[in-house]
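Coordinates in review
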Amino acid sequence: MLAKWWWRFKTEKEGLWRRTIWAIHHRSRAWNDIPVKISVAGPWKSIYSVRQSLLDASIDLYQDITAEEESVKKCSVADRCVLGSHGPSFSWAWARPVLGSDAENQLQMLSVMLQGFAVSAGNDVWKWRHEPDGKFSVSSIKKLLSTVNRINPKRVFEWNNWVPKKVGIVAWRAEMERLPTKCALARRSIPVQNNTCVFCGDYEKTCEHIFVSCQFVQTIWQNLAVWCGIPPIIAFGINDILTVHESSSGSRKIRKVIHAIVLVTFWSMWKSRNDAVFRQINPSATRNLDEIKSVAYLWVKSRAKVAALTWEDWSRFNLGILR
Ligand SMILES: [Zn+2]
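Residues numbered from 1 in each chain as written. Predicted model: local features only at pLDDT ≥ 70, side-chain atom pairs only at ≥ 80, totals over all residues.

Of the regular secondary structure elements, the protein holds 15 helices and 4 strands. For the protein, with 323 residues in total, the buried portion stands at 22%. A separation of at least 24 residues holds for 55% of the contacts in the protein among residues at least 6 apart in sequence. (Helix = DSSP H or I, 4+ residues; strand = E, 2+ residues; numbered from the N terminus. Buried ≥ 20, exposed ≤ 12 C-beta atoms within 10 Å, placed from the backbone. Contact = placed C-beta atoms within 7 Å.)

Take a look at the structure:
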């Protein structure tokens with residue numbers, strides 16, 4: 001959708017919105033198809049920045065929206081070219097007379113090259129390279145993006161040695177949508193009885209639901225945020241939760257504890273989800289919270305080598321001992 005604004009910027013030359021963007025963002029010194037002043041915050045900056053994200057998918061909005069025929073400065077091809085019955089003939093208008101044999105030779109060569117050149121009548125138009133008819137559409141770019149691996153190769157999963165490997169693995173697989181959720185099984189033609197979420201009864205489409213958007217899990221995340229003294233967790237995807245500790249204000253060690261708790265929560269949620277699916281054990285947010293706090297305590301205490309960390313301090317998230 002953001003990329004569409006690139007297309008509209010090029011093709012809706014008379015739009016008031018376009019002239020407004022031009023007035024705000026154009027700088028005479030920088031020549032650029034799509035002007036942007038990075039210092040001006042707002043939606044236009046996001047629209048401009050989408051190019052960078054699309055480069056990962058080998059889509060370059062600079063090159064993929066191309067002019068069919070290029071004109072030089074203000075002069076159009078039609079100004080120089082007259083279409084006769086024997087093909088185009090050219091009427092040059094040089095700023096200075098063509099002097100010297102070099103220039104004359106080059107002009108000769110140019111004329112030879114232009115002999116078979118087909119010129120179409122009409123204005124220049126912008127073309128979207130990825131469609132035969134040259135028309136940009138959101139579905140076209142969506143189709144391109146769907147052929148690209150969804151996982152951004154630049155983001156490396158952050159492990160945490162204060163929790164066991166088996167704990168981190170749940171979050172790691174969830175982030176890649178590699179957990180055997182009901183829908184993932186159904187996609188592999190493995191029969192599932194129903195694909196509703198065992199926590200809330202909604203449709204369990206992806207890992208994202210089980211760990212992020214599910215109402216049941218939301219309750220757990222918000223409880224943990226209060227316990228850890230961090231702002232309410234606003235997450236739109238698994239990655240948002242896995243990076244919550246990065247923006248926390250505590251020391252490096254406190255951030256590592258928060259990250260460990262996040263990983264333990266993924267593990268605990270997945271375990272409860274499986275208990276509910278395979279052993280018919282009713283989920284309980286309180287039980288999950290108790291489990292997360294107590295096992296995270298044992299793991300952090302022994303693995304971070306803070307034997308003096310008491311349960312009382314931990315349950316109040318009073319971690320002065322770690323500083
Ligand atoms: Zn749910």
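Further remarks concern unusual backbone geometry. A negative phi angle is the norm for most residues apart from glycine, just as the trans form is the norm for most peptide bonds. The backbone phi angle of Gln280 is positive, close to 55 degrees, even though this residue is not glycine. Within the secondary structure, Gln280 sits in the loop between helix H13 (252-279) and helix H14 (285-303). When the 8 C-beta atoms within 10 Å are taken as the criterion, Gln280 is described as exposed. A positive phi angle, close to 55 degrees, is found at Lys305, a residue other than glycine. Its place among the elements puts Lys305 in the loop between H14 and helix H15 (311-315).

The subject of this paragraph is the nonpolar core. Of all hydrophobic cores here, the largest spans 41 residues; its most connected members are Phe211, Val217, Ala260, Ile261, Leu263, Val264 and Phe266. Within the residue set of this core, elements represented by two or more residues are helix H8 (165-175), helix H10 (207-213), helix H11 (215-228), helix H12 (238-242), H13 and H14. Formed by 14 residues, the second largest nonpolar core is a distinct cluster that contains Ala3, Leu61, Trp128 and Phe136. (Core = buried A, V, L, I, M, F, W, Y, C linked by C-beta atoms within 7 Å.)

Bending of helix H3 (residues 43-55) peaks at approximately 25 degrees at the position of Ser49. Looking at the buried positions of H3, the neighbouring elements they touch are helix H1 (2-11), helix H2 (16-25) and helix H4 (61-64). (Bend = angle between axes of the 7 residues up to and from the residue.)

Now for the packing of H13 against H14. Between H13 and H14, whose axes approach to 9 Å, the crossing angle comes to 130 degrees. Relative to H14, the element H13 is oriented oblique. The way H13 lies across H14 gives a crossing that is right-handed. Contact residues: H13 offers Val257, Ala260, Ile261, Val264, Thr265, Ser268, Met269 and Ser272, while H14 offers Asn288, Glu291, Ile292, Val295, Ala296 and Val300. Of the residues in the contact of H13 with H14, the class split is 9 nonpolar, 4 polar and 1 charged. (Axes fitted to C-alpha atoms, helices over the stretch in contact; angles between N-to-C directions. Parallel < 35°, antiparallel > 145°, perpendicular 65-115°, else oblique. Left-handed = near helix turned anticlockwise from the far one by under 90°. Nonpolar A, V, L, I, M, F, W, Y, C, P; charged D, E, K, R; others polar.)

Put simply, H11 and H13 touch, their axes get as near as 12 Å, and they point 155 degrees apart. When the interaxial angle is binned, H11 and H13 end up roughly antiparallel. For H11 against H13, the interelement crossing comes out right-handed. Along the contact surface, H11 presents Val217, Ile220, Leu224 and Cys228, while H13 presents Ile258, Ile261, Thr265 and Met269.

With that out of the way, let us pick up the environment of Ile169. As for its placement among the helices and strands, Ile169 is situated in helix H8. Classification of Ile169 by C-beta neighbours within 10 Å gives partly exposed; the count is 18. Taking the C-alpha atoms as reference, Ile169 lies 9.3 Å from Phe266; in sequence the two are 97 residues apart.

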